[in-house]
Amino acid sequence: MSAVAEASAPKAPRRITSWHLLLNNRLATAGLVLLGLVALMILLVPILPLPDPDVTAPADRLKPLFTAGHLLGTDQLGRDILSRLLWGTRVSVAVGFAATLIAAFVGSAIGIVAGYAGGRTDNAMMRGIDMLMAFPYILLALAIVAALGPGLMNALYAIAVVNIPFFARNVRGVTLGYVHREFVDAARLSGKGNLSIILTEVLPNVLPVIVITMSTTAGWMILETAGLSFLGLGAQPPQADLGSMLGEGRAQLFTAPHVSIVPGVMIFLIVISLNVLGDGVRDVLDPRLRSGALARPGPVTDVASGRAVPANAAADAALSIACLETGFQRGSKIVPAVRGVSLYVKPGECLGLIGESGSGKSVTALSVMGLVASPPGLIRNGAVYLGNEDVLAMPETRLIASRGSRVAYVFQDPLTTLHPMYPVGRQVEEAIAAHQSIGAAACRERAVALLEKVGIPEARERAKHYPHQLSGGQRQRVGIAMALANDPDVIIADEPTTALDVTVQARILELLRDLQRERGMALLFITHDFGVVSEICDRVAVMKDGEIVETGETRAVLANPQHAYTKRLIACVPELGTGERFLERVTGLFAGGKEQAS
Ligand code: ADP
Ligand code: MG
């Protein structure tokens, strides 16, 4: 990377393309290189100075490897093995790939149509596929060749046909997952025809699966081609392909093993390199692996090495964020999401962080404990002080140990943050056990006490229930109990009541407020609702497009908002009985605030 680019994007890791991911996989790269070499050789074979592969020379039979003029020796009819090998590989690879393409095309078409149409069409098509699958496939291939007559083209058809079911089944399965998705319904509502929906909505989503199946079956098909030729049903003499060379060399296995070993090694190399490459391609294209395994985010958000570290402006605060800048890697650029945010929360205080969706509130909150996924996240500048210690400069283990014990989070949707397969009591116990080494019985008692504390009735019984057996409000209470488990100094609540109805919201707010007062914790409360802020926050910071535009005592800001954006947010709080004027007020302010908004 050039010095200029480095200056503009500190410690910017390169953009990770599929290509990079593939080359990161050493085995896949080796397979790719090997296949590249084979491809080069079989493309160049017509212009290489090789003897005619089919000309026999009985006087020169079974010459060993490295004979002058015959690098790989000669076979039982005196034909040059190198020449036959290259020409034969050309035939085998061409037939294998052609069969793959045919099977992929026909199989995918069947799979998509069956999955898309459903009902009787699906049933009829899939029963046909089942019938194909009911035969051992090599037997089926033999039967097809027997019916059509031996020959390379017939072998190709036979192999294509027996592989159609793999594509049809895979593709149908994936198609089923897409046909009931909202974007397909939307396309249908917009008046698109079936064919057009299949081609533009379904196919692009299914394509990775088709490519993956192709890359993992191509080696297999080359092997099957060789198998049929080996049995004398594929390539016919004198034409060479890898299978027929192997078959013809079999009789000389003991007197001249190289005649069969040479094509055998070639088959092995091609198939193994296709398989490792296929695995690599699958890892790259499979969306689940793509977002995870190969480019797994680190345990802690990356921090730019040359970041500016401002001093702590609020020494007595429990949490103080100074000029925090967090961005996301996109291409070679870093798109900022949080730009120079500074705020602090003192012990026993509640700070509201308010802003519309996408203004950077969650990224700010997650940056505090290095929880923004990296890549693509990167903290470019600023500091986060817990007491007087800069979190971003902490060793990784200490930072991870501080999560939950010094700073705890409560998230928006308790159903997604609670584990569906464990009773809630056990999850609270786990939160305790993560930071305290106390006995199992004591841990259970503490968990029940915590659940009681957050207002869950009959806590001992309820602790045995699973998340789906609790109401939304109760689940959020469990979330709060988990956050309280280790008596943290700071609780960050990221829209904890947005998923709840108004009465439950009021009770949860009250609970948070009481607990926070009682324990003297600092509470950073994130919301988009000024109504909520007015109920529980001492001070408020208003965030817009990644920046704090206004901050102050809640009452003062509510009574006399300075920034147009703050006025708009306040106007968004509906008042009873002003329904008709509500929209007027909000839209009026929107029109007024346009120049500032854009
Ligand atoms: P909110 O204020 O609603 O919590 P966020 O903090 O989640 O907003 O998002 C702020 C900005 O950061 C948004 O523009 C969003 O697109 C961007 N962003 C958040 N997470 C990622 C990510 N993983 N990759 C790229 N951009 C992201
Ligand atoms: Mg958010």
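Procedures and definitions
- Here the residue numbers are simple positions, counted from 1 along each chain's written sequence.
- Chains carry letters and ligands carry numbers; both start at the beginning, A for chains and 1 for ligands, and go up in the order they are written.
- Given that the model is predicted, a residue must reach a pLDDT of at least 70 before its local features are reported, and side-chain atom pairs must reach 80 or more before they are shown or counted; all residues, however, enter totals for whole chains, interfaces and linings.
- Excluded from the side-chain calculations are hydrogens and water; all other atoms, namely the structure's heavy atoms, are used.
- By the criteria applied, helices consist of DSSP H or I runs no shorter than four residues and strands consist of E runs no shorter than two, each listed in order from the N terminus.
- Only C-alpha atoms enter the radius of gyration, while the globule expectation follows 2.2 Å times N to the 0.38, with N the number of residues.
- Relative accessibility under 20% of the residue-type maximum defines a buried residue, over 50% an exposed one, and the middle range a partly exposed one, all with a 1.4 Å probe and only protein chains included.
- Residues count as neighbours in contact if any of their non-hydrogen atoms are within 4.5 Å of one another.
- Using a 1.4 Å probe, the Shrake-Rupley method yields the accessible areas, and only the shown protein chains count as cover for residues.
- Positive charges come from Lys and Arg, negative ones from Asp and Glu, while His and the chain ends are left out of the count.
- Taken as the charge location is NZ of Lys, CZ of Arg, CG of Asp or CD of Glu.
- UniProt positions are given in the numbering used here, feature names are shortened, and annotations may be inferred rather than shown by experiment.
- Take the buried residues of types Ala, Val, Leu, Ile, Met, Phe, Trp, Tyr and Cys, join any two whose side-chain atoms come within 4.5 Å, and each joined set is a nonpolar core.
- It suffices for a single heavy atom of a residue to lie within 4 Å of a molecule or strand for the residue to be listed as near it.
- Whenever two N or O atoms come within 3.5 Å, that pair is a polar contact, provided that in protein one can donate a hydrogen and the other can accept it, and provided that, for residues adjacent in sequence, both atoms are side-chain atoms.
- The nonpolar class holds Ala, Val, Leu, Ile, Met, Phe, Trp, Tyr, Cys and Pro. Asp, Glu, Lys and Arg form the charged class, and all remaining residues, Gly among them, are polar.
- Think of a patch as exposed residues, more than 30% relative accessible area, with no salt bridge, where like charges cluster within 9 Å and nonpolar side chains (Val, Leu, Ile, Met, Phe, Trp, Tyr) cluster within 5 Å.
- Within this document, salt bridges are pairs made up of a side-chain nitrogen of Lys or Arg and a carboxyl oxygen of Asp or Glu, the two lying within 4 Å of each other.
- Aromatic pairing here means that ring centres of Phe, Tyr or Trp (its six-membered ring) are within 6.5 Å. Orientation follows from the plane angle: under 30 degrees is stacked, over 60 is edge-to-face, and everything else is tilted.
- Only Lys NZ and Arg CZ are tested; either one counts as a charge over a ring when it is within 6 Å of the ring centre and within 35 degrees of the ring normal.
- Two cysteine sulfur atoms form a disulfide, by the criterion used here, when they sit within 2.5 Å.
- Between N-to-C directions, angles span 0 to 180 degrees; the directions come from axes that are lines fitted to C-alpha atoms, helices contributing only their stretch in contact.
- The sense of a crossing depends on the near helix, which, turned anticlockwise from the far helix by less than a right angle, makes the crossing left-handed and, turned clockwise, makes it right-handed.
- The criterion for strand pairing is that DSSP finds at least two bridges linking the strands in question.

**Student:** What's the story with the overall build of the chain in this structure? I'm lost.
**Tutor:** Counting its regular elements, the chain contains 24 helices and eleven strands. On C-alpha atoms alone, the chain measures out to a radius of gyration of 34 Å, which is more than a quarter above the 25 Å that the 2.2 N^0.38 rule sets for 598 residues. For the chain, the spread of C-alpha atoms along the principal axes amounts to about 105 × 60 × 60 Å. Burial status across the chain gives 46% buried among its 598 residues. For the chain, restricting intrachain contacts to residue pairs at least 6 apart in sequence, the fraction spanning at least 24 positions comes to 69%. Put simply, the chain shows about 28,800 Å² of open surface, and 62% of that area lies on carbon and sulfur atoms. Charge-centre separation for the chain: the mean point of 52 positive side chains lies 2 Å from the mean point of 51 negative side chains.

**Student:** Sorry if this is basic, but what is going on with helix α13 (residues 361-368) here?
**Tutor:** Helical periodicity: at 3.6 residues per turn, an α-helix aligns residues three or four positions apart in one direction. With six of eight residues buried, α13 lies mostly within the body of the structure. Within the span of α13, buried status applies to Lys361, Val363, Thr364, Ala365, Ser367 and Val368.

**Student:** Where do I start with the UniProt feature "domain: ABC transporter" (unreviewed entry) in the chain in this structure?
**Tutor:** Using the residue numbers shown here, the UniProt feature "domain: ABC transporter" (unreviewed entry) corresponds to residues 321-570. Its end C-alpha atoms 25 Å apart, residues 321-570 is made of 39% helix and 27% strand.

**Student:** Before we go on, may I ask you to explain the nonpolar core in this structure?
**Tutor:** The tendency in soluble globular proteins is for nonpolar side chains to be buried side by side. One finds Leu451, Val454, Val478, Ile480, Leu484, Phe525 and Phe530 to be the most contacted residues of the largest nonpolar core, which totals 48 residues. The dominant element in this core, judged by the number of residues it contributes, is helix α20 (residues 502-519), at six residues. Those residues in contact with leucine 484, other than ones at most four positions away along the chain, are Leu450, Val454, Ile491, Leu515, Arg519 and Met521. Grouped together as the second largest cluster of nonpolar side chains are 37 residues, Ala104, Ile129, Leu156 and Val206 included.

**Student:** What should I look at first to understand the UniProt feature "transmembrane region" (unreviewed entry) in the chain in this one?
**Tutor:** Per the UniProt annotation, the sites labelled "transmembrane region" (unreviewed entry) are residues 27-48, 93-117 and 129-149. Between the C-alpha atoms that bound residues 27-48 the distance is 30 Å, and the span itself is 82% helix and 0% strand. Within residues 129-149, the helical portion is 86% and the strand portion 0%, while the C-alpha atoms at the span's ends are 24 Å from each other.

**Student:** Looking at this structure, how should I read the site of ligand 1?
**Tutor:** Neighbouring residues of ligand 1: Phe328, Ala337, Glu356, Ser357, Gly358, Ser359, Gly360, Lys361, Ser362, Val363 and Pro376. The separation between an oxygen atom of ligand 1 and a polar main-chain atom of glycine 358 is 2.6 Å. Within the backbone of glycine 360, a nitrogen or oxygen atom sits 3.0 Å from an oxygen atom of ligand 1. Burial of ligand 1 by the protein amounts to 59% of the accessible area it has alone, namely 560 Å². The biggest single contributor to the shell around ligand 1 is α13, with three residues. Grouping the amino acids of the shell around ligand 1 by side-chain chemistry returns four nonpolar, five polar and two charged.

**Student:** Quick question: what am I supposed to make of the environment of valine 206 here?
**Tutor:** Assignment of secondary structure puts valine 206 in helix α9 (residues 194-230). Judged by its relative accessible area of 0%, valine 206 falls in the buried class. Here the alpha-carbon distance between valine 206 and arginine 172, two residues 34 residues apart in the chain, equals 9.2 Å. Apart from residues lying up to four places away in sequence, valine 206 is in contact with Val171, Val174, Thr175 and Tyr178.

**Student:** Help me out: how do you make sense of a nonpolar patch on the surface in this one?
**Tutor:** The grouping of Ile102, Phe105, Val106, Leu148, Met153 and Tyr157 at the surface amounts to a nonpolar patch, some 580 Å² of accessible area in total. Secondary-structure elements contributing two or more residues to the nonpolar patch are α4 (81-117) and α7 (152-179). Counting residues per element, the nonpolar patch draws most heavily on α4, which supplies three residues. Tracing the backbone shows leucine 148 in helix α6 (residues 137-148). Taking relative accessible area as the criterion, leucine 148 reaches 47% and is therefore assigned partly exposed.

**Student:** Got a minute to help me understand the pattern of salt bridges in this structure?
**Tutor:** Under the definition given, this model contains 25 salt bridges. With a closest N to O distance of 3.7 Å, arginine 84 and aspartate 75 form a salt bridge. Exposure class is identical for arginine 84 and aspartate 75. Each is buried. Residue glutamate 248 is joined to arginine 79 by a salt bridge in which the shortest nitrogen-to-oxygen separation is 3.2 Å. Of the two residues, glutamate 248 sits in helix α10 (residues 242-249) while arginine 79 sits in the loop between α3 (26-44) and α4, which places them 169 residues apart along the sequence. On the accessibility criterion, glutamate 248 (24% relative accessible area) is partly exposed. Connected through salt bridges with shared partners, the residues Asp54, Asp75, Arg79, Arg84 and Glu248 form a single ionic network.

**Student:** What am I meant to see in the packing of aromatic side chains here?
**Tutor:** Within a pair of aromatic rings, the relevant descriptors are the distance that separates the centres and the angle that separates the planes. A full pass over the atoms with the stated rule returns three aromatic pairs. With a centroid separation of 5.5 Å and an interplanar angle of 0 degrees, the aromatic rings of tyrosine 409 and phenylalanine 411 are classed as stacked. When the ring centre of tyrosine 344 is taken as reference, the NZ or CZ atom of arginine 539 above it lies at 4.2 Å.

**Student:** For this particular structure, what's the right way to read the state of the cysteines?
**Tutor:** Here a disulfide denotes a covalent bond joining the sulfur atom of one cysteine to the sulfur atom of another. Going through the model one piece at a time under the given rule, you end up with zero disulfides. Cysteine 350 provides the cysteine sulfur closest to cysteine 537, a residue in no disulfide bond, and the two sulfurs are 3.6 Å apart.

**Student:** Quick question: what am I supposed to make of the packing of α4 against helix α5 (residues 119-134) here?
**Tutor:** To characterise two packed helices, one gives the angle between the axes of the helices and the distance between these axes. With their axes 7 Å apart at the nearest point, α4 and α5 run at an angle of 145 degrees to one another. Every pair of crossing elements has a handedness; the one defined by α4 and α5 is left-handed. On α5, the residues that touch Ile110, Val113, Ala114, Gly115 and Ala117 of α4 are Gly119, Thr121, Asp122, Met125, Met126 and Ile129. Classifying every residue of the contact of α4 with α5 by side-chain character gives seven nonpolar, three polar and one charged.

**Student:** Sorry if this is basic, but what is going on with the pairing of strand β9 (residues 522-527) here?
**Tutor:** Every regular strand shows the same layout, with side chains that alternate between the two sheet faces. Within β9, six of the six residues are buried, which leaves it mostly tucked inside the rest of the structure. The alternating pattern of β9 places Ala522, Leu524 and Ile526 on one face and Leu523, Phe525 and Thr527 on the opposite face, and all of these are buried. The sheet contact formed by strand β4 (residues 350-354) and β9 spans five bridges and is parallel. When the sheet's bridge partners are listed, isoleucine 354 is paired in β9 with threonine 527. Bridge analysis of strand β8 (residues 490-494) against β9 gives five bridges, and the strand direction is parallel. Each residue of the ladder has a partner; that of alanine 493, found in β9, is phenylalanine 525.

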